[in-house]
Amino acid sequence: MEEKIISQDCQRNGERCRILAIESSCDETAAAVVENGRKVLSNIISSQIALHTLYGGVVPELASRKHIEKINQVIEAALSEAGVSLEEVDAIGVTYGPGLVGALLVGVAEAKAIAYAAKKPLIGVHHIEGHVSANFIEHPDLEPPFICLIVSGGHTHLVIVKDYGEFEILGRTRDDAAGEAFDKVARAVGLGYPGGPKVDKVAKEGNPHAVEFPRAKIEGSPYDFSFSGLKSAVLNYINHANMMGQEICVPDLAASFQNAVVEALVSRAVMAAKEYGYSKLAMAGGVASNSALRAGMREACEKAGISLYYPSPILCTDNAAMIGAAAYYEYKKGTRHGWDLNAVPNLKLGER
Ligand code: KG4
Ligand code: ZN
């Protein structure tokens, strides 16, 4: 149960506030120490990509087992690299949803055990709030309110970040997430897992206008997204070419698919910033490291006079530094969780 506590907040005295953050919602076991929400003292990520590549995607049961194997080492490494002892940490932040339940449980149980044993406050963090907060780390001038496009393997949301941890959702995907579409298309053309970075790379050699794929619009919901039609169009294109015995130009196909995704994301994000009157736009999540999306968004934002923010690629994909950033702002607001904190696999944005 979440509680609001008016605490002996270390910020009251203008002191340093260090958070040990843990992230294990999917296939990265990660821990970080973050000072005052924006300064990363360490950011350790143990990736399970090699393990899951064998199966072409994340196998939840294997992910949980690997998290258990790695989590203590990763936390020890985060503390040692930061040069901070557990006693010097002010609070423990942990992702408690959304994500794979077994994977989340490993991080949540670990965080509770450490917080209880070390007598530190426990702060459960929403994974998407973490992704958004990755932007604060490298952009000291960025403060809410701003528009944020969150594009990851599991989520596609367009939101107004009204304040730290406060969101108004303008649009979301009706079916596949943007990253999911990248992963599925990559698999269909034999690029393997995880697909996003591979499509991004091969698309650099292709013509983005070689194939005109459909752009979905949702009647009455201008900020919602839909990527399953696009994914089906790519699969149909591949099947048709195979039936006709035609060779597929993978770079052209990848570039054309990517172009359709980028157009859908850029047009809605910039339209939202203009319509709602925000001059700052941020991107977050794994797909935010896509080079064509960054280029397309930069161009559109320059034209519209909007300041664009996005994290370095290492802070776009899953990491614990972003959880430490989000946990700090929650800590300052007085958010504390009890020992009954549980993993919530389908935790909604803005829900606590
Ligand atoms: O944020 P993230 O690490 O995990 C989730 O919370 O889902 O995002 C992972 C997703 C994957 O679907 C991956 O293919 C995609 O982000 N991704 C990319 C790129 N890098 C990662 N998609 C397109 N282009 C990239 N460069
Ligand atoms: Zn994520």
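Residues numbered from 1 in each chain as written. Chains lettered and ligands numbered in written order. Predicted model: local features only at pLDDT ≥ 70, side-chain atom pairs only at ≥ 80, totals over all residues. Heavy atoms only, no water.

Some details on the packing of helix α7 (residues 228-243) against helix α8 (residues 250-276)
In step 1: Taken N-terminus to C-terminus, the directions of α7 and α8 make an angle of 165°; their axes are 11 Å apart at the nearest point. Classified by the angle between their axes, α7 and α8 sit roughly antiparallel to one another. Pair α7 / α8 crosses with right-handed handedness. Here Leu230, Val234, Tyr237 and Ile238 of α7 lie close against α8, whose contacting residues are Leu253, Phe257, Ala260 and Val261.
In step 2: Taken together, the residues of the contact of α7 with α8 break down into eight nonpolar, no polar and no charged. (Axes fitted to C-alpha atoms, helices over the stretch in contact; angles between N-to-C directions. Helix = DSSP H or I, 4+ residues; strand = E, 2+ residues; numbered from the N terminus. Parallel < 35°, antiparallel > 145°, perpendicular 65-115°, else oblique. Left-handed = near helix turned anticlockwise from the far one by under 90°. Contact = heavy atoms within 4.5 Å. Nonpolar A, V, L, I, M, F, W, Y, C, P; charged D, E, K, R; others polar.)

Overview of the coordination of the zinc ion (ligand 2)
In an ideal tetrahedron of four donors about a metal, each angle is 109.5 degrees. In an ideal octahedron of six donors, the angles are 90 or 180 degrees.
In step 1: Summarising the metal site, the zinc ion (ligand 2) is bound by the protein donors His127 (NE2), His131 (NE2) and Asp318 (OD), whose distances to it range over 2.0 to 2.1 Å.
In step 2: Given four donor atoms and angles of 96 to 132° at the metal, the environment of the zinc ion (ligand 2) is assigned as tetrahedral.
In step 3: Here the donor residues for the zinc ion (ligand 2) map to a single chain with the spacing H-x3-H-x186-D. With a gap of 191 residues between them, His127 in helix α4 (residues 127-138) and Asp318 in the loop between α10 (313-316) and α11 (321-333) connect regions that are remote in the sequence. (Donors = N, O, S within 2.8 Å, 3.2 Å for Na, K, Ca; no water. Tetrahedral: all angles 85-135°; square planar, octahedral: opposite > 155°, others 65-115°.)

Quick word on the confidence of the model for the chain
In step 1: Of all residues in the chain, 95% attain a pLDDT of 70 or more, and the chain-wide mean is 94.
In step 2: Every residue in residues 4-8 is under pLDDT 50, and counting partners more than four places away or in other chains gives eight contacts. (pLDDT = per-residue confidence, 0-100.)

A few points about the site of ligand 1
In step 1: Around ligand 1 there are 19 residues in total, and Gly153, Asp183, Gly196, Asp200 and Asn290 lie nearest to it.
In step 2: Gly196 places a polar main-chain atom, nitrogen or oxygen, 3.0 Å from an oxygen atom of ligand 1.
In step 3: In this structure, a nitrogen atom belonging to ligand 1 sits 3.4 Å away from a side-chain N or O atom of Ser289.
In step 4: Calculation on ligand 1 without its partners gives an accessible area of 550 Å², and the protein chains cover 89% of this total. (Near = heavy atom within 4 Å. Polar contact = N/O pair within 3.5 Å; in protein donor to acceptor, adjacent residues only side chain to side chain. Areas by Shrake-Rupley, 256 points an atom, 1.4 Å probe, with all protein chains shown as cover.)

A short note on unusual backbone geometry
In step 1: Cis peptide bonds are those with omega within 30 degrees of zero, and the linkage from Gly97 to Pro98 qualifies with -10°.
In step 2: With respect to the helices, strands and loops of the structure, Pro98 is situated in the loop between β5 (91-97) and α3 (101-118).
In step 3: With an omega of 5°, the peptide bond between Pro144 and Pro145 qualifies as cis.
In step 4: Considering the arrangement of structural elements, one finds Pro145 in the loop between α4 and β7 (146-151).
In step 5: In this structure, Asn36 is a non-glycine residue whose phi angle is positive, near 45°.
In step 6: Locating Asn36 in the fold gives a position in the loop between β3 (28-35) and β4 (39-47).
In step 7: For Lys119, which is not glycine, the phi torsion reads 55° and is therefore positive.
In step 8: Inspection of the secondary structure puts Lys119 in the loop between α3 and β6 (122-126).
In step 9: What makes Lys119 exposed here is its relative accessible area of 72%. (Buried < 20%, exposed > 50% of the residue type's maximum accessible area, 1.4 Å probe, protein only.)

Describing the sheet that holds strand β11 (residues 307-309)
In step 1: What the five strands build is an open sheet, ordered β9-β8-β7-β10-β11; its pairing is mixed. Strands at the two margins of the open sheet, each flanked by one partner only, are β9 (166-172) and β11. This sheet shows a mean twist of 25° between the axes of neighbouring strands, independent of strand direction.
In step 2: Of the pairings in the sheet, the one linking strand β8 (residues 156-163) to β9 comprises six bridges and is antiparallel in character. Each bridged residue has a counterpart across the sheet, and for His157 the counterpart in β9 is Arg172.
In step 3: α8 contacts β7, β8, β9 and β10 (280-284) of the sheet and is inclined by roughly 160° relative to β7. (Pairing = 2+ DSSP bridges.)

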